Amino acid sequence: LFAIFAFATCGGYSGELRLSVDCANKSESDLNIDIAFAYPFRLHQVNFDAPTCEGKRREKLSLIGDFSSSAEFFVTIAVFAFLYSLAATVVYIFFQNKYRENNRGPLIDFIVTVVFSFLWLVSSSAWAKGLSDVKIATDPEEVLLLMSACKQQSNKCLPVRSPVMSSLNTSVVFGFLNFILWAGNIWFVFKETGWHSSGQRHAQDTMEKQSSSYNQGGYNQDSYGPAGGYNQPGSYSQVGEYGQSQSYGQSGPTSFANQI
């Protein structure tokens, strides 16, 4: 859907501007000079007639600039992205087993997603610059400078209507939204590949090896139980009449002798 909006708002555009040339001799004036242009914005091929205010003679002029390369590149990427998304959807739904066979499907899908993310960024940036140049080239104030009649102070040249560029601005926005969408989808496609699975298995094997080596070569808690503690130097133990072990310090033998 995002790809459809991108190429529809750009590829289906047509605009028009209107100028007015009021000559000193009113009979030579032309107050409605309409100039229409459209995708792919080869403006140098857009011709129009303008009065010279020198009798009935008119001059043939054309707009300046050719911005078809960036516009066509943007629309081409949008169309191919739409076709690939449509084909991928069919594969996901009806050919899931074939898609996962030998891990080839996810790998191809991952590579294509990365490529389209890069192309969306490049094409959207190029078209944003191209659109800026289109706005300048179709500005009525700039077009009036092309007319010889407007260079004479006795004549009045005025812009009547400027072209509406809202749909072209929308196309640039959808271009960058497509880049964000495809770039964010890289992670989800990567999770379907064998690279992600092998990385998880490697991490689990490493943790298991570390855990086993710690249990085998680490300290054994049983070796430091209550019966295996260290006796202090010079201490003695005595078994009481109830079979309990009693320890005495260095003063223990003397006290014990006194008790005896």
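Remember, predicted model here, so these are calculated numbers, not experimental data.

### Some remarks on the environment of Ala 126
Here is step 1: Along the chain, Ala 126 turns up in helix α4 (residues 104-137).
Here is step 2: In this structure Ala 126 comes out as partly exposed when scored by relative accessible area, which is 30%.
Here is step 3: For the pair Ala 126 and Ser 70, spaced 56 residues apart in the sequence, the C-alpha separation amounts to 5.6 Å.

### Quick look at the packing of helix α2 (residues 68-94) against helix α6 (residues 166-190)
Here is step 1: Two elements in contact, α2 and α6, have axes whose closest approach is 12 Å; the angle formed by their N-to-C orientations is 45 degrees. For the element pair α2 / α6, the angle class is oblique. Relative to α6, α2 is oriented so that their crossing is left-handed. From α2, Phe 74, Ala 81, Tyr 84 and Ser 85 reach across to α6, where they touch Ser 171, Gly 175 and Trp 182.
Here is step 2: Per-class residue counts for the contact of α2 with α6 are 4 nonpolar, 3 polar and no charged.

### Comments concerning the side chain of Glu 59
Here is step 1: Here Glu 59 is to be found in strand β4 (residues 58-62).
Here is step 2: Although Glu 59 is buried, it forms no salt bridge, and the closest oppositely charged side chain is Arg 57 at an N-O distance of 5.8 Å.
Here is step 3: Of note is the side chain of Glu 59, whose polar atom sits 3.1 Å from the backbone nitrogen of Ser 148.
Here is step 4: Leave out the neighbours within four places in its chain, and Glu 59 touches Phe 48, Asp 49, Ala 50, Pro 51, Thr 52, Met 147, Ser 148 and Ala 149.

### Some words on the nonpolar core
Here is step 1: Grouped together as the largest cluster of nonpolar side chains are 42 residues, with contacts concentrated most on Ile 35, Phe 37, Phe 41, Phe 48, Trp 120, Trp 127 and Met 147.
Here is step 2: Listing elements by their share of this core, those giving two or more residues are α1 (2-11), β1 (14-22), β2 (30-38), β3 (47-51), α2, α4, α5 (140-144) and α6.
Here is step 3: Dropping the residues within four chain positions of it, Phe 37 is found in contact with Tyr 13, Ser 14, Gly 15, Glu 16, Leu 17, Leu 43, Val 46, Val 134, Thr 138, Pro 163 and Met 165.

### Looking at the UniProt feature "transmembrane region" (unreviewed entry) in the chain
Here is step 1: As annotated in UniProt, the feature "transmembrane region" (unreviewed entry) corresponds to residues 73-95, 107-128 and 172-190 in the numbering used here.
Here is step 2: Strand forms 0% of residues 107-128 and helix 100%; the C-alpha atoms that close the span are 32 Å apart.

### Section: a nonpolar patch on the surface
Here is step 1: A contiguous nonpolar surface patch, about 750 Å² in accessible area, is contributed by Leu 1, Phe 2, Ile 4, Phe 5, Val 173, Leu 177, Ile 180 and Leu 181.
Here is step 2: Counting only elements with at least two residues in the nonpolar patch, the list comes to α1 and α6.
Here is step 3: Counting residues per element, the nonpolar patch draws most heavily on α6, at 4 residues.
Here is step 4: Along the polypeptide, Leu 1 turns up in the segment before α1.

### Some thoughts on the packing of α4 against α6
Here is step 1: Running from amino to carboxyl end, α4 crosses α6 at an angle of 160 degrees, the nearest separation of the two axes being 8 Å. Taken together, the axis directions place α4 and α6 in an arrangement best described as roughly antiparallel. Crossing of α4 against α6: the hand is left-handed.
Here is step 2: Residue composition of the contact of α4 with α6, by class: 18 nonpolar, 9 polar and 2 charged.

The rules behind these values
Residues numbered from 1 in each chain as written. Predicted model: local features only at pLDDT ≥ 70, side-chain atom pairs only at ≥ 80, totals over all residues. Heavy atoms only, no water. Helix = DSSP H or I, 4+ residues; strand = E, 2+ residues; numbered from the N terminus. Buried < 20%, exposed > 50% of the residue type's maximum accessible area, 1.4 Å probe, protein only. Axes fitted to C-alpha atoms, helices over the stretch in contact; angles between N-to-C directions. Parallel < 35°, antiparallel > 145°, perpendicular 65-115°, else oblique. Left-handed = near helix turned anticlockwise from the far one by under 90°. Contact = heavy atoms within 4.5 Å. Nonpolar A, V, L, I, M, F, W, Y, C, P; charged D, E, K, R; others polar. Lys, Arg positive; Asp, Glu negative; His and termini not counted. Salt bridge = Lys/Arg side-chain N within 4 Å of Asp/Glu carboxyl O. Polar contact = N/O pair within 3.5 Å; in protein donor to acceptor, adjacent residues only side chain to side chain. Core = buried A, V, L, I, M, F, W, Y, C linked by side-chain atoms within 4.5 Å. UniProt positions renumbered as here; feature names shortened; annotations may be inferred. Patch = residues over 30% accessible without salt bridge, like charges linked within 9 Å, V, L, I, M, F, W, Y side chains within 5 Å. Areas by Shrake-Rupley, 256 points an atom, 1.4 Å probe, with all protein chains shown as cover.

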